[in-house]
Amino acid sequence: MVLWVILLCTLASSLLGGLYVLGVFRRRRPNEPPLDKGTVPWLGHLLEFRKDSSEFLKRMQRKHGDVFTVLIGGYYFTFVMDPFSFGTIVKESRSKLDFRTNAAQLVARVFGYKPTQATHSLVHASSMKHLMGDGLTVLTQATMESFRKLLLFNLSSGERREWQEENLFHYCYNIVFRAGYLALYGTEPARGAGNKEKAEEQDRLHSQQLFQEFRKYDRLFPHLAFALLPPKDKREAERLKRHFWNVLSVKKLWQKDNISGWISDQDQLLAENHIPEYMRDRFMFMLLWASQGNTGPTAFWLLLYLLKHPEALEAVRDEVDKVSRESGQEVKGGSPPVTVTLDMLSQTPLLDSALEETLRLVAAPMLVRAVLEDTCLRTSSGTELTLRKGDRVALFPHISVQMNPEIHEEPHKFKYDRFVNPDGSRKDFYRNGKKLKFVNMPWGAGVSTCPGRFFATAEMKLFVFLMLSHFDLELVNGEEEIPAIDISRWGFGTMQPVHDIRFRYRPRF
Ligand code: HEM
């Protein structure tokens, strides 16, 4: 009899525990946002969210208003869609809203790297030193050198000006990825006279192979991040991970020349913090992803928008030609390729605006914080909002800010000069007559703001500067529509197109 009672009690408590985990007992409390658990226990809205996060969030906003809590794969996410309330969330203390919890889970799953307490501050310290200020001047020179190696190396070989056809997305991603990689991770040592050409050829070959493997991983990434890969793809992702841990291993890294301070400092700091070597290899893979996953796709969209908007292309090309002329390096037949410096890149307000406009349209990160203790926030409308410990709070600025017609007129249109005043200064933006702080958030915000944003900007502008200076460019079919974006990638940075688009290029002079 006693045994039966114990058995029944155990069964009942397991059942109650199971139902609790599935979310059956969760109810909305006073001051909490509307709660929508969907119809499937535990999973909640996961499938709909994965299918098209942007559409799902728009539907929820129509149903519940600017703040709502939804169940997604066992977690309760509170989405805040009102841009005037963003400031309170991104500024809230780390003891309450923490960016690291979520990021740590993701990087462990996708890169096999387990962050320690020191990781975040170490990344930020070396980024401040090498991706901004004086460090950025050095890195921009190294990137210019990479572009010379990959893009301009056979430009002055006296070839006839023949058109070459390529896929634009593949072309831009390939060149920008390889240029960034060589500038950051270093180059083949050229020991002895006459070996420079051989080393350069080796750099071209090796970076090309790395890019091919990277693209395979890149395609699997969104499903991998949600742990939704079918078994065959899971095995392939494992193989690729191991491949990158090996080719980017710190042992191989330290045999290179010209390693950037950003990479070498971070590895040294990790070693000083007693991080084992195999983890440092994995860290290198994570940095490759962070540094190369978005710049190539963004450069593609920027060039494509310019090609589809001839007035924008002409204005930006005139601007870069003028900057080259003023630096004493007019680009014309027979002249050597232009050497673009960081100082020259600071004189291009139209190119800046065109890049920012591109990022507004195609950069769509999701900013997530873990709620570490019950937290009370005051929204812009003055209402008090309680966030529950253990939940997540999330922003998706692509909908709330970047494509918001109350902030940006005709948000679906590319307007290259949207962000610039006629005098070259940056425009201000308003909603309901009130000036907005957050009008474009491709780099995230608060503690997790991208530490590579100045370098990324310099790199993408440098690429477009060189392409416009040295090549005639056109779409093979000028009438072809801009490809749609691949909606499976919402939340992971710059979006990619569903298909590529043919273009051709030839030396300009
Ligand atoms: C168009 C290019 C880029 C875009 C749109 C972009 C965007 C972002 C965003 C939105 C985040 C924050 C994610 C979050 O809040 O969870 C981030 C983080 C990061 N980005 Fe970028 N990024 C770009 C290029 C780069 C480059 C070139 C580098 C380095 C050279 C870089 C290094 C990093 C690192 C290390 C982090 C993690 C920072 C941390 O742990 O706090 N990014 N990036």
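Residues numbered from 1 in each chain as written. Predicted model: local features only at pLDDT ≥ 70, side-chain atom pairs only at ≥ 80, totals over all residues. Heavy atoms only, no water.

Basically, it comes down to this: UniProt positions are given in the numbering used here, feature names are shortened, and annotations may be inferred rather than shown by experiment.
As recorded in an unreviewed UniProt entry, the protein chain goes by the name CP8B1 hydroxylase, listed as coming from Hirundo rustica rustica. Reading the Subcellular location (unreviewed entry) entry of the UniProt record for the protein chain gives the comment "Endoplasmic reticulum membrane".

## Some thoughts on the UniProt feature "binding site: heme" (unreviewed entry) in the protein chain
Just so we agree on the cut-off: What counts as a helix is a DSSP run of H or I of at least four residues, what counts as a strand is a run of E of at least two, and both are numbered from the N terminus.
Residues annotated by UniProt as "binding site: heme" (unreviewed entry) correspond here to Cys450. Within the fold, Cys450 resides in the loop between β11 (434-435) and α19 (453-470).

## Quick look at the site of the ligand
The following threshold applies: Working definition: residue near molecule or strand if any one of its non-hydrogen atoms lies within 4 Å of it. Pairs of N or O atoms within 3.5 Å make up the polar contacts considered here, provided that, within protein, one atom can donate a hydrogen while the other can accept it, and that residues adjacent in sequence are counted only when both atoms are side-chain atoms. Three classes are used: nonpolar for Ala, Val, Leu, Ile, Met, Phe, Trp, Tyr, Cys and Pro, charged for Asp, Glu, Lys and Arg, and polar for all others, with Gly counted as polar.
Around the ligand sit 24 residues in total, of which His120, His124, Ala290, Ser448 and Cys450 are the nearest. Contact distances for the ligand include 3.0 Å between an oxygen atom and a side-chain N or O atom of His120. For the shell around the ligand, the elements supplying multiple residues, two or more each, are α6 (119-130), α13 (277-292), α14 (295-308) and α19. Residue composition of the shell around the ligand, grouped by class: 14 nonpolar, 10 polar and no charged.

## Quick word on the nonpolar core
Nonpolar side chains tend toward joint burial in soluble globular proteins. Put simply, the rule reads: By convention a nonpolar core is built from buried Ala, Val, Leu, Ile, Met, Phe, Trp, Tyr and Cys residues, the set being connected through side-chain atoms within 4.5 Å. Note on classification: 1.4 Å probe, protein chains only; a residue is buried when its accessible area is under 20% of the maximum for its type, exposed when over 50%, partly exposed between these limits. Note on contacts: a residue pair is in contact if any heavy atoms of the two residues lie within 4.5 Å.
Core analysis: the largest hydrophobic core is formed by 104 residues, its most contacted members being Leu151, Tyr185, Tyr217, Leu306 and Phe463. Here this core takes 14 residues from helix α8 (residues 168-185), the largest share from any one element. What Phe463 contacts, discounting residues up to four positions off in sequence, is Phe147, Leu151, Tyr171, Cys172, Ile175, Val176, Ala299 and Leu303. Core analysis: the second largest hydrophobic core is formed by 22 residues, Val67, Phe86, Leu367 and Phe438 among them.

## What about the sheet that holds strand β5 (residues 164-167)?
We count it as follows: Here, any two strands with at least 2 DSSP bridges between them count as paired. A fitted line through C-alpha atoms represents every axis, and for helices the fit uses only the stretch in contact; the resulting angles, taken between N-to-C directions, go from 0 to 180 degrees.
Judged by pairing direction, the sheet is antiparallel, and its 3 strands sit side by side in the order β5-β13-β12 without closing on themselves. At either end of the open sheet lies a strand with only one pairing partner, and these are β5 and β12 (471-475). On average, each strand axis in the sheet is inclined to that of its neighbour by 30°, with strand direction left out of account. Across 4 bridges, the pairing between β5 and strand β13 (residues 502-507) is antiparallel. Note that in β13 the partner of Glu166 across the bridge is Phe503. Of the strands in this sheet, β12 and β13 are in contact with α19, which crosses β12 at around 100°.

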